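A look at the structure
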Amino acid sequence: MELRHLQGVADARAIVRINALAWRVAYDDLLPADVLERFDPDPPDEVVREYAARLRDDRDGIVLAAVDGAARGYSYFRWGDDTKSFVGPNEAGLKEIYVEPDYWGEGVGTALLERGLERLPPSIDRVRLEMLAGNDVGRRFYDARGFERTGSAAFEIAGESYPTAIYALEV
């Protein structure tokens, strides 16, 4: 497995694909089918170029995992002013970590998490994340890596509000 930082539009396309595939499996019993279908694993080039431009400023916090030469997972950490309201000044937010479902359980997510934690600035003492409540795959993953649930919130997806769980890890 190769771990590397975001390198351009091709990596942005891989992130979109991985995200869509993971959402469709992980949230199959949590979100309506019509919502999951909106996550297109192969969007038009213009959409991907726009997404790549938005990711450019966060490049230091994005790590991709390649298996057999193809990106199969990614993690996306953010810190500073561009984080969620529940992330404090000496904290980072784990915005996303997704792995293609065919690669779940093979250590890709753990490697992405560990590399992302290694790359955090020295001033960061805690990582926080928010995930859909009822996401058993995510809960088991984070519990096994020492995260603790610290609260609840809600997140809007396609105009509907869904309950979320907030987790934290001391680093």
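Residues numbered from 1 in each chain as written. Predicted model: local features only at pLDDT ≥ 70, side-chain atom pairs only at ≥ 80, totals over all residues. Heavy atoms only, no water.

1. A few points about the nonpolar core
Ranked by size, the top nonpolar core spans 26 residues in total, and within it Ile15, Tyr27, Leu31, Leu55 and Leu64 carry the most contacts. For this core, the elements supplying multiple residues, two or more each, are helix 1 (9-26), helix 2 (33-36), helix 3 (45-55), strand 2 (62-67) and strand 3 (70-79). By residue number, the principal contributor to this core is helix 1, which donates eight residues. In this structure, Leu64 is in contact with Glu2, Leu3, Arg4, His5, Leu6, Asp11, Ala14, Ile15, Ala71, Gly73, Tyr74 and Leu112, ignoring residues within four places of it in sequence. (Core = buried A, V, L, I, M, F, W, Y, C linked by side-chain atoms within 4.5 Å. Buried < 20%, exposed > 50% of the residue type's maximum accessible area, 1.4 Å probe, protein only. Helix = DSSP H or I, 4+ residues; strand = E, 2+ residues; numbered from the N terminus. Contact = heavy atoms within 4.5 Å.)

2. Some details on unusual backbone geometry
Although it is not a glycine, Asp68 adopts a positive phi angle of roughly 55°. Tracing the backbone through its elements, the reader meets Asp68 in the loop between strand 2 and strand 3. The class of Asp68 is exposed, set by a relative accessible area of 78%. We note that Ala158 has phi near 55°; this positive angle belongs to a residue other than glycine. With respect to the helices and strands, the residue Ala158 is situated in the loop between strand 6 (148-157) and strand 7 (160-170). Of the residues examined, Ala158 reaches a relative accessible area of 41% and is grouped as partly exposed.

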